[in-house]
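# Chain and residue survey
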Amino acid sequence: MAEVSSPTPQTERATPEVAFLTALWDAWQALTSRGEAELRARHDLDLRSLIALAYVQGGADQPAQLARELGVPRYEVSRVLHALETRGAVTRDQTQADARRVTVRVTPQGAALWEEALGTVRAVTGPALAALGPRAASLTHDLHLLAQFTRSQPTATSSFATPSSPAQESE
């Protein structure tokens, strides 16, 4: 495994939390900037569409379910699905029992796009994951756990009290 230095923010305020967020940001930026560029150049596909396609292939066939699993608003899922549908990668059909309910399915063209794009993703992320060796699977698992835990917590505005001024405390 190649030795790589661990840069941290050059500030007295580089707490473990800031160092973690900086490392997460750096990894995200490094992998997605290159990955997104390759996906767009080779497949005219963005990362969000690729991930949505992966979820639909995995069985997430309802837009609301997809929005929950991706942690994005429904309107974002609608935009992504519309773009994929326009390309012929997915179909969106109304359910006969409830016309408001839509079922999303991957088309054969979408499955082929997925396979091609997956090859590109493997080419981009493979070397980075290989550098981590057996720790890659554990890191991936831990990041999923971190996301689940974070989503289950109350928002900052509801969990932290707003500091009051001395004048408010005396009232």
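Scroll up to find the structure.
Residues numbered from 1 in each chain as written. Predicted model: local features only at pLDDT ≥ 70, side-chain atom pairs only at ≥ 80, totals over all residues. Heavy atoms only, no water.

In this section: the environment of Ala52. Tracing the chain through its elements places Ala52 in helix H2 (residues 47-57). The sequence separation of Ala52 and Leu66 amounts to 14 residues, and the corresponding C-alpha distance is 7.4 Å. The residues touching Ala52, leaving out its near neighbours within four places in the chain, are Leu66, Leu70, Val80 and Leu84. (Helix = DSSP H or I, 4+ residues; strand = E, 2+ residues; numbered from the N terminus. Contact = heavy atoms within 4.5 Å.)

The next point concerns the nonpolar core. In terms of nonpolar packing, the biggest core is built from 23 residues, with Leu50, Leu66 and Leu84 touching the most fellow members. Among the secondary structure elements, those contributing two or more residues to this core are H2, helix H3 (63-70), helix H4 (74-86) and helix H5 (108-132). If you tally residues by element for this core, the top one is H2, at five residues. Discounting residues that sit within four places of it in the chain, Leu84 has contacts with Leu45, Ser49, Ala52, Leu53, Ala89 and Val90. (Core = buried A, V, L, I, M, F, W, Y, C linked by side-chain atoms within 4.5 Å. Buried < 20%, exposed > 50% of the residue type's maximum accessible area, 1.4 Å probe, protein only.)

So, on to the pattern of salt bridges. All chains considered together, the criterion is met by five salt bridges. With a closest N to O distance of 3.1 Å, Glu36 and Arg40 form a salt bridge. One end of the pair, Glu36, and the other, Arg40, are both in helix H1 (residues 16-43), four residues apart, so they sit about a helical turn from each other. Using a relative accessible area of 21% as the deciding quantity, one classes Glu36 as partly exposed. Glu76 is the partner of Arg79 in a salt bridge, and the nearest nitrogen-oxygen pair spans 3.3 Å. Taken as a pair, Arg79 and Glu76 lie in helix H4 at a separation of three residues, close to a single helical turn. Arg79 sits in the exposed class, given a relative accessible area of 54%. (Salt bridge = Lys/Arg side-chain N within 4 Å of Asp/Glu carboxyl O.)

To continue, consider the side chain of Gln62. Its location among the elements puts Gln62 in the loop between H2 and H3. On the basis of relative accessible area, Gln62 is assigned to the buried category, the value being 12%. Among the polar contacts listed, one links the side chain of Gln62 to the side chain of Arg101, at a separation of 3.0 Å. Excluding residues within four positions of it along the chain, Gln62 makes contact with Arg101, Val102 and Thr103. (Polar contact = N/O pair within 3.5 Å; in protein donor to acceptor, adjacent residues only side chain to side chain.)

The subject of this paragraph is H5. Between its first and last C-alpha, H5 extends 34 Å over 25 residues, near the 36 Å set by a 1.5 Å rise per residue. Of all the bends found along H5, the most pronounced is centred on Thr125 and spans about 45°, while Pro127, a proline, follows it within four residues. Taken residue by residue, H5 has Gly110, Leu113, Trp114, Ala117, Leu118, Thr120 and Val124 as its buried positions. Contact partners of the buried residues in H5: H1, H2 and strand S2 (102-106). Looking one or two residues past H5, Gly133 carries a phi angle of roughly 60°, positive in sign. (Expected span 1.5 Å × (residues − 1). Bend = angle between axes of the 7 residues up to and from the residue.)

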